[in-house]
Amino acid sequence: MNAPTEFSHNRRDFLKASGALVVSVAMAGLSADALAQTGSAGKPPLVPGELDSWVAVLKDGSIAAYFGKIDMGHCLDVAIAQIVAEELDVAFERVTVYMGDTATSCNQGGASGSFGISAGAKPLRHAAAEARRILVAAASTHLGVPVGQLAVADGVVSGGGKRISYGELIGGKYFNAKVEWNRKVGNFMDIKVQAKLKSPADYKVVGKPFRRRDVVNKVFGTMDWITEISVPGMVHARVIRPVIAGSVPLKVDDAALRSIGDARVVRASNFLAVVASKEWDAVRAAQALKVEWSAATNPFPVMEKLHDHIRAAKVEKSEQRVKIGDVEGAFRTAARIIEAEYEWPFQSHASMGPACAVADVKKDSATIWTGSQKPHYTRDGVAELIGLPAEQVRGIWVMGPGSYGRNDGGDAALDAAFLSKLTGLPVRVQGMRADGTAWDPKGPASVHRARAALDASGKVIAYEYISKGFSRVNIATNEADPSDSLVGQELGMPLKPVMGYGTPEESYGFANKRLAWETIAPLLARSSPLRTSHLRDPVGPDIHFGSEQFIDELAAAVGEDPVAFRLRYVTAPRDAAVIRAAAAKAGWQSRPSPGPRHAGDILAGRGIAYAQRNGTVVATVAEVEVDRRTGRIWAKKVTVAHDCGIIVNPEGLRYAIEGNVVHGLSRTLMEEVRFDRNSVTSVDWASYPILEIQDAPESIEVALINHPEIAPSGAGEPTIRTIPAAVANAFFDATGIRLRRAPMTPARVLAAIAAASA
Amino acid sequence: MATIVKFTVDGKARSVKVDDPAMPLLYALRDDLKMKAPHFGCGVAQCGACTVHVDGEAVRSCVLPVTAVKGKQVTTIHGLGTPQQPHPLQTAFVEEQVPQCGYCVNGWMMTAAAFLKKKPKASDGEIREALAGLKCRCGTHVSIMRAIKRAQKQMA
Ligand code: FES
Ligand code: FES
């Protein structure tokens, strides 16, 4: 990670633009000692081992924090500002967080795995503390007052009747101070500093519900999303993806384009696009272009047989994550064995708008504006694709139209960069609806086999849960390697697929226990609309849809209340606490499921599910109504108990949880990517329905459990993994019927009810 | 043959040179007039991200040919209100911190604004019905309902 001149320049401009003055004279008022630490104004390289890469005091005393991740409306930037303000002892309002620009931040991995605070805030926190230490030392020298007698309030250091502000000490100049980088790139990049961190007991800013900074612009239409980025001379492009998956363009007839403005075809190998000065011309040129595609090869199974295909497919890779005791032995002694299988479909990110990107590729430098949530990696992929050193490429993240993992954003960025290189013009690419639904990387389909052995008393003596499905990382979770992008694959780059899946995360203390996963080959290796990668809480809802239903099946088998049953087996105290908190908040009545049968068309039931995720624990109670005439399931009320350690911003956290609940309901009840033998047929919202407001809960109740003594863990994803099973368990409670296939659509509900009464 | 289509946008007279009479209004607003607010979400009238008011009615500008608004009054979210003079829905959406990515929010506010004008005292069920078809992929629906009810109170 060198810091090239190109960047120094950008960084300097940036500091100027953000109100700082970069001066090249020694700082007045600082002793030689302090100067040795804070330096003169030379620009240090943008590397993690420089304090200046993380935080700056601007001329007016305001603070800039440089964050190598991004916020997608989860209030993450606010939390980072709170943490920086806290350690620096300045008012929250003074801190501005600059995110996701490769010219001003180090590669902290972008949005990833709900690590925004748990890992992402660490170097910022350390940098802020170190900056404070250096500033207080400088103030001590300047004021002639020992450090021990100085206090800081809102960026003003005072003691012994004297005072000086951070702005006066260093405003507009660089610290030029080294910090110790842990040599990691991405999520776990961190730095070690001399400063001592503040004790959470002394927090004044962290833990308060500060409001978001992006909301006003979003509400008044004054915000620039990625779709609003415009560069002089820019042309609009639409990339043409094959109608038949796996086919390539044989003949392209552009006669129809002659009457459409300046629209023209751009083609390289199997990559095909149209560009035009006017956006509408690009859209209609893409529609009018006649392409002869190579013949279909039927890469996909009949959709109804997808899960049979998964069951039968050769296991390419497997991993036993948990192996406790003698599972087989225990099954041999079982008084009773319970088994079940659960099926999860392919799902799409289907972001609110199809992805957009703008690229300006010049001879020896390039800029890419992207909505991809990992912009540093996008920069790397663009550099590789267009053949420039990464240092010559600047990646700038701009809020995209939704982002829940590796969606179509990465593909749009590389498409735009490649087109800009081919045309020599700045290029804006925006997909059409099908690019966001049919062509985004998918969440993998899977089958989950569960079995448990009970002894004569009904105690669980062995438990096994094995997930089998497509890899969660058939293409990588970022686009740093262009062979993981559609354009790279269309250009014939060698593929580097990876196999990976996951297992349930819980603390059930069964004496004999095995948790494992198995992955199978993709249906189509190259340029597949069903290629798989990370979708919010990768494989979490999928796995726990089965595992947490199965726990309920066990509770039902022994006639025990689902909450009591879980409390009997969970071993982690925080797990037991969230289960109790969710039950208490929801007013849970202890009784076995299913509930008493009621006559009438609307059946009501309640269900619980719980899971861990990277240190966070969540329990959810869903209260549903099932309309037996229409098959509609309505999750009327959802109650979530959430423990992610110390809470940085309760309001932001509550919203993140609510979004998880609704997104989870949508995926549980409606979402399934449809396909035929040759193509994905989910191309819009009619063929890929999601939850709408009629089906949104009447209320979402949240019980936040705060642990100031425990480091923060993530909140962007943990809740969603509890939703599917909570709903399925509530459905069972209401109807006495198990639905082991997601999504739980009205058609499946009606069929299940009919089968049960037959 | 290019034609000139004249209409007003947020109270100002505008004209757009149109090559293709079928070009949707959305492209005139975004590409020709460089407006930020109505968004492309689906292009097939299934999400609402592109909603504007034409003579007070909420319409999906992604499927309405620009030639159909000749001489009409088009209102975007900028015409709905400003930070200085916000529409009650805008105040409520800020108060409730509704948008997550926010790409959808134009559709919800523009649709709700047109509906509440006709039916300020609408019940929860009526509001949900009026907003059917709108999408929010981030799942902010519950806060949207809270915000609309808050705005109703303010408008009452
Ligand atoms: S963009 Fe017009 S309704 Fe979706
Ligand atoms: S806030 Fe992202 S789609 Fe609604």
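Counting of residues starts from 1 at the beginning of each chain's written sequence and follows it residue by residue. Chain letters and ligand numbers both follow the written order, the letters beginning at A and the numbers at 1. In view of the model being predicted, local features appear only for residues whose pLDDT reaches at least 70, and side-chain atom pairs are presented and counted only at 80 or more, with totals across whole chains, interfaces and linings using the full set of residues. The side-chain values count all of the structure's non-hydrogen atoms but skip hydrogen atoms and water molecules.

Next up on the list: the pattern of salt bridges. Note on definitions: salt bridges are taken to be side-chain nitrogens of Lys or Arg within 4 Å of carboxyl oxygens of Asp or Glu. Within this structure, the stated rule accounts for 72 salt bridges over all chains. Here B:Arg30 and A:Glu228 are joined by a salt bridge, their closest N and O atoms 2.7 Å apart. Taken together, the positions of B:Arg30 in helix α1 (residues 25–32) and A:Glu228 in the loop between α6 (215–219) and β9 (235–239) put the pair across two chains. You'll find B:Arg30 and A:Glu228 in the same group, each marked buried. A salt bridge links A:Arg721 to A:Asp537; the shortest N-O distance between them is 2.8 Å. On the criterion of sequence distance, the pair formed by A:Arg721 in the loop between β28 (699–705) and α18 (723–735) and A:Asp537 in the loop between β24 (512–520) and α14 (540–557) is long-range, its members being 184 residues apart. To sort residues, take the accessible area from a 1.4 Å probe on protein chains only and compare it with the maximum for the residue type: under 20% means buried, over 50% means exposed, and anything in between is partly exposed. According to the relative accessible area criterion, A:Arg721 is buried, its value standing at 4%. For A:Asp537, a relative accessible area of 0% translates into the label buried. Runs of H or I in DSSP of at least four residues are treated as helices and runs of E of at least two as strands, each being numbered from the N terminus.

The next point concerns the sheet that holds β9(A). Residues and elements named next belong to chain A. Strands were regarded as paired on the criterion that DSSP finds at least two bridges between them. Sheet architecture is open: seven strands sit in the order β11-β12-β9-β20-β17-β18-β19, paired in mixed fashion. In this open sheet, the two edge strands, each paired with only one partner strand, are β11 (264–268) and β19 (393–397). Here the strands of the sheet are splayed against their neighbours by 25° on average, with no regard to which way each runs. Pairing geometry for β9 and strand β12 (residues 271–276), over four bridges, is antiparallel. Across the sheet, Arg238 pairs through a bridge with Val274, a residue of β12. Convention adopted: a line fitted to C-alpha atoms gives each axis, helices being fitted over their contacting stretch, and angles between N-to-C directions are expressed from 0 to 180 degrees.

For the rest of this paragraph, the subject is the interface of chain A and chain B. Counting from both sides, the interface comprises 63 residues of chain A and, opposite them, 56 residues of chain B. In this description, buried area is defined as the sum, over both parts, of the accessible area (probe of 1.4 Å) that is lost when the two are combined. Buried surface at the junction of chain A and chain B, summed over both partners, amounts to about 5000 Å²; 57% is from carbon and sulfur atoms. Area buried by chain A at its contact with chain B is led by A:Phe220, A:Met352 and A:Ile693, which between them contribute 18% of it. Between chain A and chain B we count eight salt bridges in total. In this structure, B:Asp20 engages A:Arg284 in a salt bridge whose closest nitrogen and oxygen atoms are separated by 3.6 Å. Here a polar contact is recorded for every N or O atom pair within 3.5 Å, except that within protein the pair must consist of a potential hydrogen donor and a potential acceptor, and residues adjacent in sequence are included only if both atoms are side-chain atoms. The interface formed by chain A and chain B holds 34 residue pairs in polar contact (both at pLDDT 80 or more) in total. Listing elements by their share of the side of chain A that touches chain B, those giving two or more residues are α6, α7 (279–288), β20 (427–430) and α17 (650–669) of chain A. If you tally residues by element for the side of chain A that touches chain B, the top one is α17(A), at seven residues. Tallied by class, residues from the side of chain A that touches chain B come to 28 nonpolar, 18 polar and 17 charged. By definition in these notes, contact holds between two residues if any of their heavy atoms fall within 4.5 Å. Basically, the charged four are Asp, Glu, Lys and Arg, the nonpolar ten are Ala, Val, Leu, Ile, Met, Phe, Trp, Tyr, Cys and Pro, and anything else, Gly included, counts as polar.

With 152 residues, the main nonpolar core has A:Leu88, A:Phe175, B:Phe7 and B:Phe93 as its most contacted residues. A per-element tally of this core places helix α4 (residues 121–143) of chain A first, with twelve residues. Here the nonpolar core consists of buried residues drawn from Ala, Val, Leu, Ile, Met, Phe, Trp, Tyr and Cys, with membership extended through side-chain atoms lying within 4.5 Å. Of all hydrophobic cores here, the second largest spans 81 residues; its members include A:Val626, A:Ala641, A:Leu691 and B:Val142.

Another point: the confidence of the model for chain B. Averaged over every residue, the pLDDT of chain B is 97; residues scoring 70 or more account for 100%. With a pTM of 0.93, the predicted complex shows an ipTM of 0.98. Within a predicted model, pLDDT stands for the predictor's per-residue confidence, ranging from 0 to 100.

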